[in-house]
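The residues making up each chain are set out below.
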Amino acid sequence: MLDLADLVWARDPNEGYIQGKLSELGAHEYEIIPTEKGYQKRSCNIDDIFPSCENKSDHDDNCELMFLNEATLLDNIKNRYYKDKIYTYVANILIAVNPYKEIKDLYSKATIKSYNGKSIGEMPPHVYAIADKAIRDMRVLKVSQSIIVSGESGAGKTESTKYLLRYLCDSVEAAGQIEQKILDSNPILEAFGNAKTIRNNNSSRFGKFIEVHYDTKYQVVGGFISHYLLEKSRICTQSLEERNYHIFYLLCAGAPQSLRDKFHIGKPDDYRYLAGCTQYFASSITDKQIQNTQKSKDHIQKGSLKDPILDDFIDFKELDQALSRIGLNESMRTEIYGIVAAVLHLGNIAFEENPEDTRGGCRIMQEAEISLEIASKLIGCDSFELRQALTSRVMQSKGGGVKGTIIMVPLKIQEAKNARDALAKALYSRLFDFVVSLINQSIPFQKSSYYIGVLDIAGFEYFPQNSLEQFCINYCNEKLQKFFNDNILANEQDLYKREGLNVPEIKFTDNQDIIELIESKANGIFTLLDEESKLPKPSFVHFTSEVHAAWNGHFRISLPRASRLKIHRSLRDDEGFLIRHFAGAVCYSTNQFIEKNNDALHASLECLIQESGNSMMKKLFSSNNNSVTKGKLSFISVGSKFKTQLQELMDKLEKNGTNFIRCIKPNSRMTDHEFEGGLALNQLICSGTASVLELMSFGFPSRVPFAELYNMYKSYLPADLIKLAPRTFCEAMLHSLNLNSKDFKFGITKVFFRPGTYVQFDRIMKSDPENLKVIVQNVKKWLVRSRWKKSVHCAICVIKIKNRMIYKNKCVVKAQKIIRGWLARRQHRPRYKGIIKVNALRKNLKEMETIVNQLKNERDTMLKQLKDIDQQIDTAIKKIKSNEKIKSQEIDGYYFMLNGKANQQMNTIKIKLQEQKNAEEQERLRQIQLKMEAERKAKEEEERRIREEEENRRKKAEMELRRKQEEAERLRLEEEDRRAALLLQAQLEKEAQEDSKYRQQLEQERRDHELALRLAQESNGQIDESPTMSRNGTPDMALSNHNRLIRSEAIRAQQQIIGKQKYDLSKWKYSELRDAINTSCDIELLEACRHEFHRRLKVYHAWKAKNRKRTTMDENERAPRSVMENAGKIPLRTQQKSSSDPNSVSIHRYFRIPFMRPNGNTNDNTNRGWWYAHFDGSYVARQMELHAEKPPILLIAGVDDMQMCELSLEETGLTRKRGAEILEHEFNREWERHGGKPYKVQNGKS
Ligand SMILES: Nc1ncnc2c1ncn2[C@@H]1O[C@H](COP(=O)(O)OP(=O)(O)OP(=O)(O)O)[C@@H](O)[C@H]1O
Ligand SMILES: [Mg+2]
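A quick note: this is a predicted structure, and the numbers were derived from the prediction, not measured. (Residues numbered from 1 in each chain as written. Chains lettered and ligands numbered in written order. Predicted model: local features only at pLDDT ≥ 70, side-chain atom pairs only at ≥ 80, totals over all residues. Heavy atoms only, no water.)

Engineer: I'm lost on the overall build of the chain in this one. Help?
Structural biologist: Counting its secondary structure elements, the chain contains 42 helices and 29 strands. Relative to the 2.2 N^0.38 estimate, which gives 33 Å for 1246 residues, the radius of gyration of the chain is 49 Å and therefore markedly larger than a compact globule would have. Considering only C-alpha atoms, the chain reaches an extent of 185 × 85 × 75 Å along its principal axes. Split into buried and exposed, the 1246 residues of the chain put 49% on the buried side. Here the contacts in the chain between residues at least 6 apart in sequence split such that 68% fall between residues at least 24 apart. Within the structure as shown, the chain displays about 62,300 Å² of accessible surface, and the carbon and sulfur contribution to it stands at 52%. Counting 193 positive and 170 negative side-chain charges, the chain places the averaged centre of each group 8 Å from the other. (Helix = DSSP H or I, 4+ residues; strand = E, 2+ residues; numbered from the N terminus. Rg over C-alpha atoms; globule rule 2.2 N^0.38 Å. Buried < 20%, exposed > 50% of the residue type's maximum accessible area, 1.4 Å probe, protein only. Contact = heavy atoms within 4.5 Å. Areas by Shrake-Rupley, 256 points an atom, 1.4 Å probe, with all protein chains shown as cover. Lys, Arg positive; Asp, Glu negative; His and termini not counted. Charge placed at Lys NZ, Arg CZ, Asp CG, Glu CD.)

Engineer: What's the story with the coordination of the magnesium ion (ligand 2) in this structure? I'm lost.
Structural biologist: Geometry reference: four tetrahedral donors at a metal, ideal angle 109.5 degrees. Six octahedral donors, ideal angles 90 or 180 degrees. Coordination of the magnesium ion (ligand 2) by the protein is provided by Thr158 (OG1) and Ser204 (OG), with metal-donor distances spanning 1.9 to 2.0 Å. Placement of the pair is Thr158 in helix 4 (residues 157-170) and Ser204 in strand 10 (residues 203-204), with a sequence separation of 46 residues. According to the relative accessible area criterion, Thr158 is buried, its value standing at 10%. (Donors = N, O, S within 2.8 Å, 3.2 Å for Na, K, Ca; no water.)

Engineer: Can you walk me through the site of ligand 1 in this structure?
Structural biologist: Asn98, Ser153, Lys157, Thr158 and Ser203 are the nearest of the 19 residues found near ligand 1. A distance of 3.3 Å separates an oxygen atom of ligand 1 from a polar backbone atom of Ala155. At 2.9 Å, a backbone N or O of Glu159 approaches an oxygen atom of ligand 1. Summarising the interface, the protein chains cover 95% of the accessible area of ligand 1, which totals 630 Å² for the free molecule. When contributions to the shell around ligand 1 are tallied by element, the ones reaching two or more residues are helix 4 and strand 10. In terms of residues, the shell around ligand 1 owes the most to one element, helix 4, which gives four residues. (Near = heavy atom within 4 Å. Polar contact = N/O pair within 3.5 Å; in protein donor to acceptor, adjacent residues only side chain to side chain.)

Engineer: Whenever I open this one, the side chain of Glu24 confuses me. Can you help?
Structural biologist: Position of Glu24 among the secondary structure elements: in strand 2 (residues 16-25). Of the polar contacts made by the side chain of Glu24, one reaches the backbone nitrogen of Tyr1070; its length is 2.3 Å.

Engineer: I tried to follow the packing of helix 16 (residues 468-498) against helix 17 (residues 512-519) on my own but got confused; where do I start?
Structural biologist: For any two helices packed against each other, one specifies the crossing angle of their axes together with the interaxial distance. With their axes 10 Å apart at the nearest point, helix 16 and helix 17 run at an angle of 140 degrees to one another. If you check the angle between helix 16 and helix 17, you find them oblique. Our pair here, helix 16 against helix 17, has a crossing hand that is left-handed. Residue-level contacts link Phe471, Tyr475, Glu478, Lys479 and Lys482 of helix 16 to Gln512, Ile514, Ile515, Ile518 and Glu519 of helix 17. (Axes fitted to C-alpha atoms, helices over the stretch in contact; angles between N-to-C directions. Parallel < 35°, antiparallel > 145°, perpendicular 65-115°, else oblique. Left-handed = near helix turned anticlockwise from the far one by under 90°.)

Engineer: Sorry if this is basic, but what is going on with the sheet that holds strand 29 (residues 1221-1222) here?
Structural biologist: Two strands in a sheet stick together by hydrogen bonds in their backbones, pointing the same way (parallel) or opposite ways (antiparallel). Strand order in the open sheet formed by five strands is 28-27-26-25-29, with antiparallel pairing between adjacent strands. Two strands bound the open sheet, and with one partner strand each, they are strand 28 (1193-1196) and strand 29. Pairing of strand 25 (residues 1148-1156) with strand 29 involves two bridges; the strand directions are antiparallel. Residue pairing for strand 29: Tyr1150 is matched across the bridge by Ile1222. On the sheet, helix 42 (residues 1224-1233) packs against strand 25, strand 26 (1168-1176), strand 27 (1179-1187), strand 28 and strand 29 and is oriented at approximately 55 degrees with respect to strand 27. (Pairing = 2+ DSSP bridges.)

Now the structure itself:
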């Protein structure tokens, strides 16, 4: 019944994602059957499942993938990695996977040439393409550029940087002198600043920003290197599998015998400072060239270390040549090597307790005397003075004797060791600064117009033990991540908004809160550290407590016991802190923070160095600004110096155009052809590339202002097209090239392209002249067509306006006619009514005449009198007729006057007649009088009726007025309702924001967990799954059981509803729910099953919609859009209320609404159809779709649930749609006409 053969990607801790088929829709998780053998069936959270396509993907730009999500991103990168295609794009960001092997011709000179002047996307992705883009952007936009190379240790940043520099220096022609010097900086910097670590044989232990400067003609004129944070602790100690800086081994293995003799250099295991791994990097050939006396015991036993790019024997020669090429003569080079040797010998100076000293001081051991001798010689000081400086400290007395007297305080063994190590670190780090300054001096520039800077700085670091170095580097990574977020995600979305492209907003985690935590001036960790250092007796315990006190309750910082790793939980609250970085939680132990933050030497050593006779030493310490003599308060701490340097760097980056390269380490074994999906996925998510991909699923990575696009291509076009305005030109070109209209958009100032489209456009524009001719032809056609359309449109508009004017005129005339008629009638009605009334008197006269004719006497006189009256009537009518403005009273006056006269006459006649006629005649006269009376009454009745009509009209006018007032009142109430709804919506939005913040925190938890897992795997440590303790000692439930917690909002909302319900259906299978619906007789259970069943359908459809294919927009529409959209508008409370309403059971309702298939052409009538639904209770039982020229689609619940509307009746809003509801027989008639079987009422429900 349930057909869920969807191919999906499901999250897997090791592989990142594995492919499988969806087999069950559970309440909170879906069941997946992996397609590859060897993997178990599993349940996954819905947020960890993404759709997959059948074919193996292999795309240059990840934005071209069918589905854009982190799983397909990982899959594409992995597939390509195994085909030796290590580069891909996410929009304009390059992802580089470290191949750990040489790929043929990938970086050859010919390859460099092939990338020259090519837009991104024209050639396969490459670091060279990014370098070329930087050069082109610099030329076109006239802005300096930065290329930020990031990634974790061993991901390939330094290698990528080298290739970038090679391209920047080499792309035009063979490298000149300046370019060669810039390239020479690499072996020098690597010899002094790189070392073998467990994660990378050639790990850069410092950060660098290399600037290549150009003049106005874009020729390389110089370079400049800034370096950051050399790891000093490595100079004195390394873990067993790691080595000190390469230079020490280069000297031991590769320096000529004479030089080694001069500096008494032996084999690595002779030196305490090389106590870690003592093997050399050497090939089988060079291993033979190194004498056994130069090799450590370990090396002889285990053989050499192997790395394709490292060879201690050869590298010394290369270093020496590079140093000489940057202008150092032999003596200077020797002096430099001398300082390196001095560090080695210094390390061998050992101390023991001095039994002769009563104050617990120490002395140098007998067997270390020789090292003291050599070291002092190399430093250029007297051995006695060095001994003194290492074993005692000068102090100025404050009380007691004479104030200011200098006294010597003997040092204890540990203090002396610390002093020795401090001196060694100072020597080496000064030497490193000096070497960098020498390189900078060798590539000076006077006039630089622009530069391209490449930033290679250590990625995010986490070890079992983390100290100030990791703290600084992780802080730096937070700043760079923020820069990336602002630059790529925030600015991009801003631009879409400004240009009105209507692209949905993408959420990303803002890490500003961590940056505040570290650098805020008031109580940031750096500030607290500096303040602690200024105290008379600084202590790391106090410092740590201060940090916790200042940031108590901040989500980003916790006590060490909140860590998932057991080793961190053993730290006391005041021995460290845990910071939840964007890439995962790191626990820092603070016990060395204060010492490491202050790299100043103590006074005796300072004096010793100041007085050294060695010229090199003088140069190294010439700019000493960390002198203790300046007092504690004025020292510049390592932390604040780094903070300042970083700010300067960020300022530069802000001003420049930026390009990003994200390096990915494919495995932790540093080997080729091995891809650990989980490891790579973590890096992709942490580097923000997954978020960019999400943004790009809607976004437009390439954009060009109209004018620029016009300028770029106008030379390819004939004269008549060049005349076009830039915007018209762009519209004409793009519309006539047969590009998919979804692949570009017109903003207000620019045209935007989907990934890959710009290249397609560029390719077409630059194609051969024949093809171009066709295009020009098309453009002309388009122009003609669009102008024709415009003119037709204008003509239609004019005609419409004309018709409207005619119509309006007619209306005006009609209105005039009616009003005039009414006015005339009002004016003349009393007149003609008066005339009728007056005329009516003639009838009386006639009757009187008849009577008079019966008179024998005075007949003529009487007749004459009657005639008189008749004439008076004529006169009165004439007066009424001739006087238009006659008043009705006047007319009534005439009437009454004439009536009176007639009456009087009648009386007279009556009297006369009485005299001659008998009583019968009198009776007849009375009859006449009665009749006249009746007429009078009728007249009065008529007048009363007219008055009444008048009264009714007045009342109606009043009613109309009242209705208008009520209407206004109703509008006011509606406005109030609308405002209340807005308030409610704002509140809901606020809740949604809080929820999104909660989800971000959960995502952070997952990263922390993954990081801890990796670290535990690397260091054989253990993970503690028990809930971590919060500050008050109660288990912190938010930090535990992370898998369960990462849930979509929909699921959590539904869980709350489920929690309140009688039946717990969360463990029920999807098919079991369906069976219960079909078979259960328990009405309540049945209803609960129906709700749960449709809820799961809803979550599933929502997931599908969220993860839809990039190319299709609205496939699988299960109900007309108006219905689906209504579900989104209705508040959750109403939805819940309605879906749990028992009254809704067993009511059948039928609906019919128009339905237009969204994939159809809107102008095509064949797509218009009808959508029918029969709701049995809350949910749809039968559904039917009828389109004129398509077979009808009839669907039945229980069989076709996946294609049917999953919404409850209330959610569809159908009941509120006017005219949507139809009668049962209307539905059934259509249903049966299209072959549907009669509906069986289930389970006795009707
Ligand atoms: N493009 C490449 N082709 C071949 N090998 C590479 C490439 N990139 C890196 N590698 C190999 O990976 C090793 C580590 O690379 P790299 O030193 O550049 O890492 P990184 O990111 O700079 O690490 P760290 O942060 O420790 O300095 C190199 O020594 C080299 O062997
Ligand atoms: Mg490096």
